[in-house]
Amino acid sequence: MTLLLLLLLQNPHARLEGRVPTAALPGLDSLIAQAVAESLPTEPLVQKALEGGAKGIPVARLVNGVRHGLVQLRDARAIVSRSAPARAALDGDVAAVAAALARGLDPGLIERLLSADTEPPGPVLHAAADLVAHRFPADSAAELLRAAQQQGLHGTRLLDVAVAASHELQREGGRTPTEALARVRAMLPNIPVATPPHPRTVTRRPGRGS
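In this report, the structure presented in the accompanying data block is examined. Since this is a predicted model, take the numbers as computed values, not measurements.

For the rest of this paragraph, the subject is the overall build of the chain. Within the chain, the secondary structure is distributed over 11 helices and 0 strands. Reading the helices (α) and strands (β) of the chain from amino to carboxyl end gives α-α-α-α-α-α-α-α-α-α-α. The proportion of buried residues among the 210 residues of the chain is 35%. Restricting the contact set of the chain to residue pairs at least 6 apart, pairs at least 24 apart contribute 63%. A total of about 12,000 Å² of accessible surface is found on the chain, and carbon and sulfur atoms cover 55% of it.

See below:
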């Protein structure tokens, strides 16, 4: 990494200039400064601001969206601290929990998943959020992921578990969410590695506002 790139990454204002409305910069700078003062990770806020700028989100909505992101980071650090009191709340852990909150994952469920594992929480929270997004019951999804961890599946392999459940749900003839989860649980730990779709076959959904 070049020194110039490193300095740029450490200067959120420089990264935002020209990529968000000028009128939004004072509010964004203030929110990022608050995060720094509270020892919270700033990258999720920068990314949210950049995403809003790319989508043309109006100034007030963009700043409010980043403000909500700051609140989620505070909540995320509290969740990490409660779930693993003997472990330092690393920026990556806090960011992963904040992302899960942003996707609508229940805080209580997040705490359960974190307290059951000592690994970085990003993959298991991502997998849980994917399962819930596919309308699997949250508690049942968490139980499946806990079972996968107990049988030696960790990290990105937990994302394969979520993909397998989604595939089972979509099988010809139809399966209920309960049946799909039971089928995947019976397959553990022999879950196939998910293959990403070919870039030309991916259908992108229209972006939603911050």
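Ranked by size, the top nonpolar core spans 57 residues in total, and within it Leu 16, Leu 28, Val 97, Ile 110, Leu 125 and Val 161 carry the most contacts. No other element matches the 8 residues that helix α5 (residues 59-83) contributes to this core. Residues from two domains meet in this core; each of domain 1 (19-102) and domain 2 (106-194) gives at least three.

If charged atoms from side chains of opposite charge come close, those side chains can pair. On inspection of all chains with the given rule, the structure shows 9 salt bridges. Across the pair Asp 160 and Arg 157 runs a salt bridge, and its minimum N-O distance is 2.7 Å. Taken together, the residues span about one helical turn, with Asp 160 and Arg 157 both in helix α10 (residues 157-169) at a distance of 3 residues. With a relative accessible area of 22%, Arg 157 lands in the partly exposed category. In this structure, Glu 168 engages Arg 175 in a salt bridge whose closest nitrogen and oxygen atoms are separated by 2.4 Å. Judged by relative accessible area, which is 32%, Arg 175 ranks as partly exposed.

The complete set of buried residues in helix α7 (residues 107-115) reads Leu 109, Ile 110, Leu 113 and Leu 114. When α7 is viewed along its axis, its buried side chains cluster within an angular range of 135° and face the same direction. Looking at the buried residues of α7, the elements they touch are α5, α6 (91-102), α8 (122-133) and α9 (138-150). Sitting at the amino-terminal end of α7 is Asp 106, which places a side-chain oxygen 2.9 Å from the backbone nitrogen of Gly 108.

Right, let's get into the side chain of Asp 93. By the element assignment, Asp 93 lies in helix α6. If sequence neighbours within four positions are ignored, Asp 93 has contacts with Val 80, Arg 87, Pro 120 and Pro 121.

With that settled, the discussion passes to unusual backbone geometry. Omega for the peptide link from Leu 188 to Pro 189 comes to 0°, which places this bond in the cis form. Within the secondary structure layout, Pro 189 lies in the segment after α11 (177-187). For Ser 39, which is not a glycine, the phi torsion comes out positive at approximately 60°. With respect to the secondary-structure elements, Ser 39 resides in the loop between α3 (25-37) and α4 (43-54). Positioned with a positive phi, Arg 135 is a non-glycine residue whose angle comes to about 70°. When you line up the elements, Arg 135 lands in the loop between α8 and α9.

Two elements in contact, α7 and α9, have axes separated by 11 Å at closest approach and are oriented at 10°. Of the possible angle classes, the one that applies to α7 and α9 is roughly parallel. Where α7 approaches α9, its residues Leu 109, Arg 112 and Leu 113 are matched on the opposing element by Ala 138, Asp 139, Ala 142 and Arg 146. Across the contact of α7 with α9, the residue classes tally to 4 nonpolar, no polar and 3 charged.

On to the environment of Arg 183, then. Examined against the element boundaries, Arg 183 turns out to sit in helix α11. Overall, the relative accessible area of 41% leaves Arg 183 in the partly exposed class. Filtering out sequence-adjacent residues up to four positions away, Arg 183 remains in contact with Glu 168 and Arg 175.

Spanning 13 residues, α3 covers 18 Å between terminal C-alpha atoms, matching the ideal 18 Å at 1.5 Å per step. Listed as buried for α3 are Leu 25, Leu 28, Leu 31, Ile 32 and Ala 35. Seen end-on, α3 carries its buried residues on one side only, within an arc spanning 130°. Turned more than 90 degrees off the buried face of α3, the exposed positions are Pro 26 and Ala 37. Residues of α3 that are buried in the fold lie against α2 (12-16), α4 and α5. Ser 39 occupies a position one or two residues after α3 and carries a positive phi of about 60°.

Reading the values: rules and limits
Note on numbering: residues in each chain are counted from 1, in written sequence order. At least 70 in pLDDT is required for a residue's local features to be given in this predicted model, at least 80 for side-chain atom pairs to be given and counted, and no such filter applies to totals for whole chains, interfaces and linings, which use all residues. Only hydrogens and water are set aside; all other atoms, that is, all heavy atoms of the structure, feed into the side-chain values. Helix and strand definitions here come from DSSP, where helices need a minimum of 4 consecutive H or I residues and strands a minimum of 2 consecutive E residues; each element is numbered from the N-terminal end. Three exposure classes are used, based on accessible area relative to the maximum for each residue type with a 1.4 Å probe and protein chains only: buried under 20%, partly exposed in between, and exposed over 50%. The criterion used for residue contact is that any of the two residues' heavy atoms lie within 4.5 Å. For the accessible areas, the method is Shrake-Rupley and the probe is 1.4 Å, while residue cover comes only from the protein chains on display. Nonpolar cores were defined as sets of buried Ala, Val, Leu, Ile, Met, Phe, Trp, Tyr and Cys residues, with membership established by side-chain atoms within 4.5 Å. In this document the domain limits rely on a domain assignment from an automatic tool or a database. For this document, the term salt bridge refers to a Lys or Arg side-chain nitrogen within 4 Å of an Asp or Glu carboxyl oxygen. Arc definition: directions from the helix axis to the C-beta atoms. Polar contacts, as counted here, are pairs of nitrogen or oxygen atoms within 3.5 Å of one another; within protein the pair requires one atom able to donate a hydrogen and one able to accept it, and residues that are adjacent in sequence qualify only if both atoms are side-chain atoms. Angles run from 0 to 180 degrees between N-to-C directions of axes, and those axes are lines fitted to C-alpha atoms, restricted for helices to the stretch in contact. Oblique is the label for every angle not falling under 35 degrees (roughly parallel), over 145 degrees (roughly antiparallel), or within 65 to 115 degrees (roughly perpendicular). Under the scheme applied, nonpolar residues are Ala, Val, Leu, Ile, Met, Phe, Trp, Tyr, Cys and Pro; charged residues are Asp, Glu, Lys and Arg; polar residues are all the others, including Gly. Helix span is expected to be 1.5 Å times the residue number reduced by one.

Purely spatial values, then, with no claim about function.
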